[in-house]
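Coordinate inspection notes
Below, each chain spelled out in residue letters.
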Amino acid sequence: MSELIERYVGATLRSIPETQRTDIEAELRASIEDAVEARIAAGESIDTAEKDVVTDLGDPDRLAANYTGRPGYLIGPDLFFDYKRLLTVLLITVVPIVAVVVGVLEAIDGGDVGSVISRAIGLAFTVAVQIGFWVTLVFAVMERTGEKTPAVEWTVSSLPPLAPTTGEIKLGETVASAVFLVGTITALTLSRNVLGLTADDGALLPVFNPAMWNFWFPFFIVVLAVEIIFEVVKYRKRRWTWSLASVNLVLNAAFAVPVIYLLANEQLLNPAFFAEMGWTGVEAWGGVTVTITVAVIAVIVSWDTIDGFRNAKLAG
Amino acid sequence: MFIVTYDDAQVEAHLKELRRGSVLLAVLLVLRKPGYGYGLLQRLEETGVEVDANTLYPMLRRLEKQGLLTSEWDTDGARPRKYYTTSDDGVQLAGKLMSSWLEMTRALEDLNRGESG
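We now turn to the structure provided with this report. What you are looking at is a predicted structure, and each value in this text was computed from that prediction instead of being measured. Throughout this description, residue numbers start from 1 for each chain and increase along the sequence as written. For naming, the first written chain is A and the first written ligand is 1, with later ones following in the order written. Local features in this predicted model are restricted to residues of pLDDT 70 or higher, and side-chain atom pairs are both shown and tallied only at a pLDDT of 80 or more, whereas totals for entire chains, interfaces and linings draw on every residue. Where side-chain values are given, they derive from all heavy atoms of the structure, hydrogens and water being excluded.

**Some thoughts on the overall build of chain A**
The condition is simple: Each helix corresponds to a stretch of at least 4 residues labelled H or I by DSSP, and each strand to a stretch of at least 2 residues labelled E; elements are numbered beginning at the N terminus. When a residue's accessible area, from a 1.4 Å probe over protein chains only, is under 20% of the maximum for its type it is buried; when over 50% it is exposed; and in between it is partly exposed. Throughout, a residue-residue contact means that at least one pair of heavy atoms, one from each residue, lies within 4.5 Å.
When helices and strands are tallied, chain A shows eleven helices and two strands. Reading the helices (α) and strands (β) of chain A from amino to carboxyl end gives α-α-α-α-α-α-α-β-β-α-α-α-α. Counting the 316 residues in chain A, one finds 32% classified as buried. Looking at chain A alone, contacts between residues at least 24 apart form 71% of all its contacts between residues at least 6 apart.

Written as structure tokens, this is what we have:
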């Protein structure tokens, strides 16, 4: 047998289990030799004949896979959809939670913005990779060992309900938002003269830094008032649009960004108030309160903004 | 005006798909008389059944595993050869597949002529 044929047979047998090897080897050799003989009889040279026969048989790995019946894929069509759904759900829920928790913990630990973001992203990435790897591995094993039927038979009751698919703005939503905004304005206004502690000398120590009233709190009240008007405009328009979603983004940013900035610079809260209460360092950047507040504001605002755009997309 | 061109690869793919199911039936029928690897390939080609060597050889082993073929090594000749024969189960299956095939042929011919079946 020539070297070429030896190499080919060897390459094919390499991925075939011991038990089947001798039988397949004998049969394959005989078939190759027969084919080469036939070509030589038809006038080809030995070398061309061997080359042609082996080329015709093709990639030895594929031939071996055909012999052993191994699937040419990692996860087949039977299991693929369950796999995809599970992976998606896990990634969408676990990764953001991990990112936020790690970010918050890092901030509490005294990290600056850069390290908070890098740690959050770093760990989120690691977690995502781990989830992807293990879920894929489990399904690949299932593909090769067990039952191929999907875990849960699909029935009509598995259909998701008709979600708000039109991006419509309902009256209930608008009223609730308006009430909430009015409430916030009221609370802000009251906070100046009512929400606070009386100090020993009878003066009021408000929760919020009194200096805020020079500019920022009036600014916030204006923004909130504009948001009320915006809610009414949204309702009148009946549906979300891209421009409405953009305005929503701007208004959210106009409120959230300064608040976070002021919290970060320890200007929003009144240190005297907390000193009077006996809590030290509450208003400090890196403290638990501030970090959690910032995280919550960021999450709520992001969610609201994204939701606006999502609805705009649904409304076409 | 639309000019639709099917490239050769697409046509080949469709033809391959069309032939795929028939190879099994052809093998079961032709092996009612014992045959071996390369010789079988030749016999099938002569009668017009196109099949690749790298599909046929593994298929023979698979069918034997499923009990549709039986095999025997013939060590007499110059070269030891594994001869396959269609088993009783294989013959039975071939019968069922054949009737189904003829029905389909009839149906397709009717459709081709433009009549309802």
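Structure's up, so let's keep going.
**Some words on the overall build of chain B**
Heads up, the rule is: Computed with the Shrake-Rupley method and a 1.4 Å probe, the accessible areas treat only the protein chains shown as cover for residues.
Each helix and strand counted, chain B has four helices and three strands in total. The helix and strand sequence of chain B, counted from the amino end, reads α-β-α-α-β-β-α. Within chain B, the proportion of its 117 residues that are buried is 31%. By sequence separation, contacts in chain B at least 24 residues apart represent 44% of the contacts at least 6 residues apart. Total accessible area on chain B is roughly 8300 Å²; 54% of this is exposed by carbon and sulfur atoms.

**Things to note about the layout of surface pockets**
Under the convention used in this document: Lining residues are those with an atom within 4 Å of a point, where the points come from a 1 Å grid over the protein atoms alone and group into cavities, where a 1.4 Å probe fits but cannot get out, or pockets, open sets with protein on both sides within 12 Å along at least five of seven lines. Grid points are joined across faces, edges and corners, and a volume is the space filled by probe spheres set on the points. Just so you know the grouping, Ala, Val, Leu, Ile, Met, Phe, Trp, Tyr, Cys and Pro go in nonpolar, Asp, Glu, Lys and Arg go in charged, and all remaining residues, Gly too, go in polar.
Looking at the largest pocket, its volume works out to about 1200 Å³. Of all the secondary structure elements, the ones that give two or more residues to the lining of the largest pocket are helix 7 (171-193), helix 8 (216-237), helix 9 (242-264) and helix 11 (288-314) of chain A. It is helix 11 of chain A that provides the largest number of residues to the lining of the largest pocket, a total of 13 residues. Lining the second largest pocket are 25 residues, and of these B:Val51, B:Asp52, B:Ala53, B:Asn54 and B:Thr55 sit closest to its centre. Going through the elements one at a time, helix 2 (18-41) and helix 3 (46-57) of chain A together with helix 1 (8-30), helix 2 (37-46) and helix 3 (53-65) of chain B are the ones with two or more residues in the lining of the second largest pocket. Each residue belonging to the lining of the second largest pocket can be placed in one class, and the counts come to twelve nonpolar, four polar and nine charged.

**Structural notes on the pattern of salt bridges**
Worth spelling out the cut-off: Salt bridge, as used here, is a side-chain nitrogen of Lys or Arg placed within 4 Å of a carboxyl oxygen of Asp or Glu.
Here the structure, examined in full by the defined rule, presents 22 salt bridges over all chains. When the shortest N-O distance is used, the salt bridge between A:Glu18 and A:Arg21 registers 3.4 Å. With a gap of three residues between them, A:Glu18 and A:Arg21 both fall in helix 2, about one helical turn apart. As a salt-bridge pair, B:Glu50 and B:Arg19 come within 4.0 Å of each other at their nearest N and O atoms. Here the residue B:Glu50 occupies a position in the loop between helix 2 and helix 3, and B:Arg19 occupies one in helix 1, the gap between them amounting to 31 residues. Under the relative-accessibility criterion, B:Glu50 is labelled exposed at 52%. Ionic contacts of the salt-bridge type, sharing partners, join the residues A:Asp23, A:Glu27, B:Arg61, B:Glu64 and B:Lys82 into one network.

**What about a negative patch on the surface?**
To keep things clear, this is the line we draw: A residue counts toward a patch only above 30% relative accessible area and without a salt bridge, and it is joined to like-charged neighbours within 9 Å or, for Val, Leu, Ile, Met, Phe, Trp and Tyr, to nonpolar neighbours within 5 Å. By the counting scheme adopted, Arg and Lys are positive, Glu and Asp are negative, and His together with the chain ends is not counted. For this purpose, a charge sits on NZ of Lys, CZ of Arg, CG of Asp or CD of Glu.
A grouping of A:Asp56, B:Glu45, B:Glu46 and B:Asp52 is seen on the molecular surface, where their side chains present a negatively charged patch. Within the secondary structure, B:Glu45 sits in helix 2. Given the relative accessible area of 49%, B:Glu45 is considered partly exposed.

**Section: the sheet that holds strand 3 (residues 81-86) of chain B**
Residue and element names in this part refer to chain B. How we decide: One requirement defines pairing of two strands: DSSP has to find at least two bridges between them.
With antiparallel pairing, the three strands of this open sheet are ordered in space as 1-3-2. Strand pairing shows two members of the sheet lacking a second neighbour, strand 1 (35-36) and strand 2 (69-74), which therefore form its edges. Across six bridges, the pairing between strand 2 and strand 3 is antiparallel. In the strand pairing of strand 3, serine 71 is matched with tyrosine 84.

**Remarks on the interface of chain A and chain B**
Put simply, the rule is: Buried area: the sum, over both parts, of the accessible surface (1.4 Å probe) that disappears when the two are put together.
In this complex, chain A contributes 18 residues to the contact, which on the side of chain B involves 15 residues. In this assembly, chain A packs against chain B so that about 1600 Å² is buried in total across both faces, 51% of it on carbon and sulfur atoms. At the surface where chain A touches chain B, the tally comes to seven salt bridges. Between A:Asp34 and B:Arg79 there is a salt bridge, and its shortest N-O distance comes to 2.8 Å.

**With respect to the packing of aromatic side chains**
All names here are of chain A. Filter applied, for reference: For this analysis, a ring pair means two rings from Phe, Tyr or Trp (six-membered ring only for Trp) whose centres lie within 6.5 Å, classed as stacked if their planes differ by under 30 degrees, edge-to-face if by over 60, and tilted for the remaining angles.
A full pass over the atoms with the stated rule returns 15 aromatic pairs over all chains. With a centroid separation of 6.1 Å and an interplanar angle of 45 degrees, the aromatic rings of phenylalanine 80 and tyrosine 83 are classed as tilted. With a gap of three residues between them, phenylalanine 80 and tyrosine 83 both fall in helix 5 (residues 77-108), about one helical turn apart. Ring centres of tryptophan 242 and phenylalanine 309 lie 6.2 Å apart, and the angle between their planes is 35 degrees; this geometry places the pair in the tilted category. Here tryptophan 242 is found in helix 9, whereas its partner phenylalanine 309 is found in helix 11, with 67 residues between them in sequence. Accessibility expressed as a relative area gives 47% for tryptophan 242, which makes it partly exposed. Overall, phenylalanine 309 belongs to the partly exposed group, its relative accessible area being 25%. Members of the aromatic cluster, each reached through a chain of ring pairs, are Phe208, Trp213, Phe215, Trp216, Phe217, Phe219, Phe220 and Phe255.

**Details of the nonpolar core**
As a reminder of what qualifies: Among buried residues, those of type Ala, Val, Leu, Ile, Met, Phe, Trp, Tyr and Cys that are joined through side-chain atoms within 4.5 Å constitute a nonpolar core.
With 39 residues, the main nonpolar core has A:Ile32, B:Val27, B:Leu56, B:Tyr57 and B:Leu60 as its most contacted residues. Those elements that place two or more of their residues in this core are helix 1 (3-14), helix 2, helix 3 and helix 4 (60-68) of chain A together with helix 1, helix 2 and helix 3 of chain B. Looking at which element gives the most residues to this core, the answer is helix 3 of chain B, with six residues. Once residues lying within four places of it in the same chain are set aside, the contact partners of B:Val27 are B:Leu44, B:Leu56, B:Met59, B:Leu60, B:Leu63 and B:Thr86.

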